[in-house]
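# Understanding the architecture of this molecule
This is what each chain is made of:
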Amino acid sequence: MSTDHATGHTTDRGSDSPAGRPADPTADRIPVMIPWLGEEEARAASDAVLSGWVAQGPRVAAFERAFAERTGAEHAVAVSSCTTALHLSLVVLGIGPGDEVVVPSLSFIATANAVRYAGAEPVFADVDLATGNLTTATVDAVRTPRTKAVLAVHQGGVPADVHALRAACADWGLPLVEDAACAIGSTVGGKPVGHGALLAAWSFHPRKLVTTGEGGMITTDDAEWAARLRRLREHGMNASAAQRHASDRPLLESYLEVGFNYRMTDIQAAVGLVQLGRLDTMIARRRELAARYDEALRDVPGLTPVRDPGHGQSNFQSYWVLLDEDFPGGRDALLGALADAGVSARRGIMAAHLEPAYADHPGGPLPVTERISRDSLILPLFHTMTEIQQDRVVAALREQAGG
Ligand SMILES: *Cc1c(COP(=O)(O)O)cnc(C)c1O
């Protein structure tokens, strides 16, 4: 059994893993997340390798079709990560130097970085205290004549209120891009996140629900954008390597614009296809564990767990709690106490504007972002988590809370 102590990722301990592995020396430590991977994924990757086609090919195309169907989008374009998915989304919108893009600071730093890759300036908007997401009011407060797009995040799996955001962006004449890195299978108004999105970007990093090791996807209903995204991920080429391979005549490609190498491999896509088949089971299990946390934390004073917003349902990719400002010792002391109890929790979502990379950011004060980032933490939640493990987490929280 291999354990990545830096990320808390461990290999699968699920029911379909082979018996007879050596005892895990860290078995007592409760990780924050374990990817749900098993023999089926291993076989799929092995089949891809043995097929002789390992770069972007038929398995990527099949993964794209399955992904589009699952998220309710017309087109899905596989890329190397959500970061590159965000970058290409901004490129097809024509975002460039001199432009501003409104983004939440409360997000993994890749959201803001993608705007800089496009040569534009991220302008940070504050978020809603309950959901951690942008609202029409927080976007409106920082929008300027140079604003060319809004990039909203479905934070930790909690869906943003995209119906309100899409309507406001339509009024303002601004495209809305959705960073759905964490939100596979979350819903808004009964429809999957991604349904009706202009452009949505997805991640398959092992910290997310569906993983391919590394990987990403862009979904859209626009056929022309999808075609251009396919070119941009592959050096701006007008014919893909797969098309050239399939042709019995030599196809002379040409390079229509400066593109990138942002491709996914067929080995990754093979794993992704199996993972997508597990998604509904994954979400049902996470929601069951989240409900059990809710119940157990009800009488622990000084903290508020994240919950479904009125407009949709979370996949509970992250289960975080927001501490009252006078919580004994504060968040970092609580993280320390949990570590002492053998529980790997994580600080809550970061705030990009507080990092040195964005020391010179434009924009106003972000009080809610700073409050959430300072006072929240993400609790362990993984499919093989036992009631005993969950009770240990709750007991450690209760002790520090003085309840
Ligand atoms: C993880 C994450 C990303 C980056 O995803 P990668 O696939 O690792 O590039 C971007 N945005 C958000 C909100 C994320 O959580």
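Everything discussed here concerns the structure shown above.
The following paragraphs examine the structure supplied in this document. The model shown is predicted, which means the values in this text are computed figures rather than measured ones. (Residues numbered from 1 in each chain as written. Predicted model: local features only at pLDDT ≥ 70, side-chain atom pairs only at ≥ 80, totals over all residues. Heavy atoms only, no water.)

### Things to note about the site of the ligand
Looking at the ligand, there are 15 residues lining it, with Cys-82, Thr-83, Asp-179, Ser-203 and Lys-208 nearest. A distance of 2.7 Å is found between an oxygen atom of the ligand and a side-chain nitrogen or oxygen belonging to Ser-203. For the ligand, the protein covers 91% of the area, taking 380 Å² as the surface of the free molecule. Listing elements by their share of the shell around the ligand, those giving two or more residues are helix H3 (82–92) and helix H4 (110–117). Residues of the shell around the ligand, tallied by class, amount to 6 nonpolar, 7 polar and 2 charged. (Near = heavy atom within 4 Å. Polar contact = N/O pair within 3.5 Å; in protein donor to acceptor, adjacent residues only side chain to side chain. Areas by Shrake-Rupley, 256 points an atom, 1.4 Å probe, with all protein chains shown as cover. Helix = DSSP H or I, 4+ residues; strand = E, 2+ residues; numbered from the N terminus. Nonpolar A, V, L, I, M, F, W, Y, C, P; charged D, E, K, R; others polar.)

### So, the nonpolar core
One finds Phe-67, Tyr-293, Leu-297, Tyr-319, Leu-377 and Leu-379 to be the most contacted residues of the largest nonpolar core, which totals 77 residues. Considering every element that reaches this core, the biggest residue donor is helix H9 (residues 266–297), with 9 residues. Mapping this core onto the domain boundaries places at least three of its residues in each of domain 1 (41–273) and domain 2 (279–401). Sequence-distant contacts of Tyr-293, that is, excluding residues within four places in its chain, are made with Tyr-319, Leu-379, Pro-380, Leu-381, Met-385, Gln-390, Val-393 and Val-394. Core analysis: the next-biggest nonpolar cluster, separate from the first, contains 35 residues, Val-79, Leu-90, Val-115 and Ala-118 among them. (Core = buried A, V, L, I, M, F, W, Y, C linked by side-chain atoms within 4.5 Å. Buried < 20%, exposed > 50% of the residue type's maximum accessible area, 1.4 Å probe, protein only. Domains from an automatic or database assignment. Contact = heavy atoms within 4.5 Å.)

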